Amino acid sequence: MKIDLHSHTTFSDGHLTPVELIQRAQTMQVDVLAITDHDTTDGLAMAHEAAGKHFPALQLIDGVEISTRWHNFEIHIVGLAIDKQHPVLQDFLNQQQQKREERAVNIAEKLAKCGFEGVLDRARRYAGEGQITRAHFARVLVNNYQVNSFESAFKLYLGKGKRAAVKAQWPGMAEAINVIQQAGGRAVLAHPVHYDMTSKWLRRLVAQFSADGGDGIEVVFPGINADKQAFVRELAQEHNLLASAGSDFHFPGRWTELGRCGFASEVLTPVWHDWDLKSSNSSIEEPA
Ligand code: AMP
Ligand code: MN
Ligand code: MN
Ligand code: MN
């Protein structure tokens, strides 16, 4: 069974609409898909409608990816199998969305000081009805100004400590975990190897996430060296966290394909272990 529990649509910084994402899931023969847009669940209804029409066998899990702050790091927490209509969750996401708006204005001001005028309107246009993210600013800098690549947009301007970096007032991890759980979901620490922190900090992060009541942790990262992945699995085991697997899909590509997150472990319990999945074969599959 092919399971992917981390993906994005145009409702945040993904390139595919919910309908296109569902079609992609069909092409890639994904059986279970969680859509986890940044701080919004607005794409989920459309995705369910599309799945019903085009790919009824797909098991769609309602999800979200929440931005939080821990020390000087922005930590992402994925909520899985949430009740997307839960009022506590929606109130919380409204606040997150307001913070995104405020941050976008501040980023644009800083970019203007770097000589990039008129960035905000363009970034808003790219974001459309979805949540505005730094990825939209990066797209503007590459497409409309003389920045070479998406990567260098982050390296030079948008990344942590760079010229247009803005510290958003994200909530702490405990609050996000609590909201996800109140909405009936499981809280999963997203991509722990992507925070650019030392092993010592990562160990502290996972310990705090667990102490805050977190349920699970992503343990599969295509292209990440085996030692790092083994370290994350060791931390998962040490803190009794459920194991999740997701591609963090934003757009089709060789390294970033939907469903490329096969997960095999004899010791870790998958986050989906007690979900009512339709397939007769719910065993864990070797990575493709
Ligand atoms: P935000 O949630 O608005 O801070 O935007 C973060 C998003 O930008 C992430 O989810 C990634 O999709 C993207 N991103 C962040 N850092 C980088 C980077 N160094 N290179 C490419 N994409 C990045
Ligand atoms: Mn993203
Ligand atoms: Mn993330
Ligand atoms: Mn993500």
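What comes next concerns the included structure.

Analysis parameters
- Residues numbered from 1 in each chain as written.
- Chains lettered and ligands numbered in written order.
- Predicted model: local features only at pLDDT ≥ 70, side-chain atom pairs only at ≥ 80, totals over all residues.
- Heavy atoms only, no water.
- Donors = N, O, S within 2.8 Å, 3.2 Å for Na, K, Ca; no water.
- Buried < 20%, exposed > 50% of the residue type's maximum accessible area, 1.4 Å probe, protein only.
- Tetrahedral: all angles 85-135°; square planar, octahedral: opposite > 155°, others 65-115°.
- Helix = DSSP H or I, 4+ residues; strand = E, 2+ residues; numbered from the N terminus.
- Polar contact = N/O pair within 3.5 Å; in protein donor to acceptor, adjacent residues only side chain to side chain.
- Contact = heavy atoms within 4.5 Å.
- Pairing = 2+ DSSP bridges.
- Near = heavy atom within 4 Å.
- Areas by Shrake-Rupley, 256 points an atom, 1.4 Å probe, with all protein chains shown as cover.
- Nonpolar A, V, L, I, M, F, W, Y, C, P; charged D, E, K, R; others polar.

A look at the coordination of the manganese ion (ligand 3)
Put simply, the ideal angle at a metal is 109.5 degrees for four donors in tetrahedral geometry and 90 or 180 degrees for six donors in octahedral geometry. Around the manganese ion (ligand 3), the protein supplies E65 (OE), H76 (ND1) and H191 (NE2) as donor atoms, at distances of 2.1 to 2.2 Å. Sequence spacing among the residues donating to the manganese ion (ligand 3) works out to E-x10-H-x114-H. Residue E65 is classed as buried on the basis of its relative accessible area of 1%. With a relative accessible area of 8%, H191 lands in the buried category.

Examining the coordination of the manganese ion (ligand 2)
Looking at the manganese ion (ligand 2), one finds its protein donor set to be D13 (OD), D13 (OD), H38 (NE2) and H250 (NE2), positioned 2.1 to 2.8 Å from the metal centre. Considering all six donor atoms around the manganese ion (ligand 2), the spread of angles at the metal, 51 to 151 degrees, places the coordination shape in the irregular class. Positions of the donor residues of the manganese ion (ligand 2) along the chain correspond to the pattern D-x24-H-x211-H. For the pair the manganese ion (ligand 2) and the manganese ion (ligand 3), the metal-to-metal distance amounts to 5.4 Å. With D13 in the loop between β1 (3–4) and α1 (18–27) and H38 in the loop between β2 (32–35) and α2 (44–54), the pair connects residues that are 25 residues apart, well separated along the chain. Among the residues examined, D13 registers a relative accessible area of 8% and is labelled buried. Of the residues examined, H38 reaches a relative accessible area of 7% and is grouped as buried.

Describing the side chain of S67
Here S67 lies in strand β3 (residues 59–70). In terms of polar contacts, S67 uses its side chain to reach the side chain of R100, at 3.3 Å. Apart from the residues lying within four places of it in its own chain, the contact partners of S67 are D39, I75, H76, Q96, R100, W170 and P171.

With respect to the environment of A112
Position of A112 among the secondary structure elements: in helix α3 (residues 87–113). Assessed through its relative accessible area of 25%, A112 is described here as partly exposed.

Describing the pairing of β3
Among the 12 residues of β3, 12 are classified as buried, and the element is accordingly described as predominantly covered. The two faces of β3 match: Q59, I61, G63, E65, S67 and R69 on one face and L60, D62, V64, I66, T68 and W70 on the other face are all buried. Two elements, β2 and β3, share four bridges in a ladder whose sense is parallel. Considered in β3, the bridge of A34 is made with I61. Of the pairings in the sheet, the one linking β3 to strand β4 (residues 73–80) comprises eight bridges and is antiparallel in character.

Some words on unusual backbone geometry
Leaving glycine aside, a negative phi is the common case for residues, and trans is the common case for peptide bonds. With a phi close to 55 degrees, Q29 is a non-glycine residue in the positive phi region. Its place among the elements puts Q29 in the loop between α1 and β2. Judged by relative accessible area, Q29 falls into the exposed class, the value being 62%. Positioned with a positive phi, D248 is a non-glycine residue whose angle comes to about 55 degrees. For D248, the location among the structural elements is in the segment after β7 (242–244).

Digging into the site of ligand 1
The environment of ligand 1 is formed by D13, H38, R100, R103, T133, R134, A135, F150, E151, F154 and H250. Within the side chain of D13, one N or O atom sits 3.0 Å away from an oxygen atom of ligand 1. Take H250: an N or O atom from its side chain is 3.1 Å from an oxygen atom of ligand 1. When isolated, ligand 1 has an accessible area of 490 Å², and the protein chains bury 77% of it. For the shell around ligand 1, the elements supplying multiple residues, two or more each, are α3, α5 (134–144) and α6 (150–158). Top contributing element to the shell around ligand 1 by residue count: α6, with three residues. Partitioned by chemical class, the residues of the shell around ligand 1 number three nonpolar, three polar and five charged.

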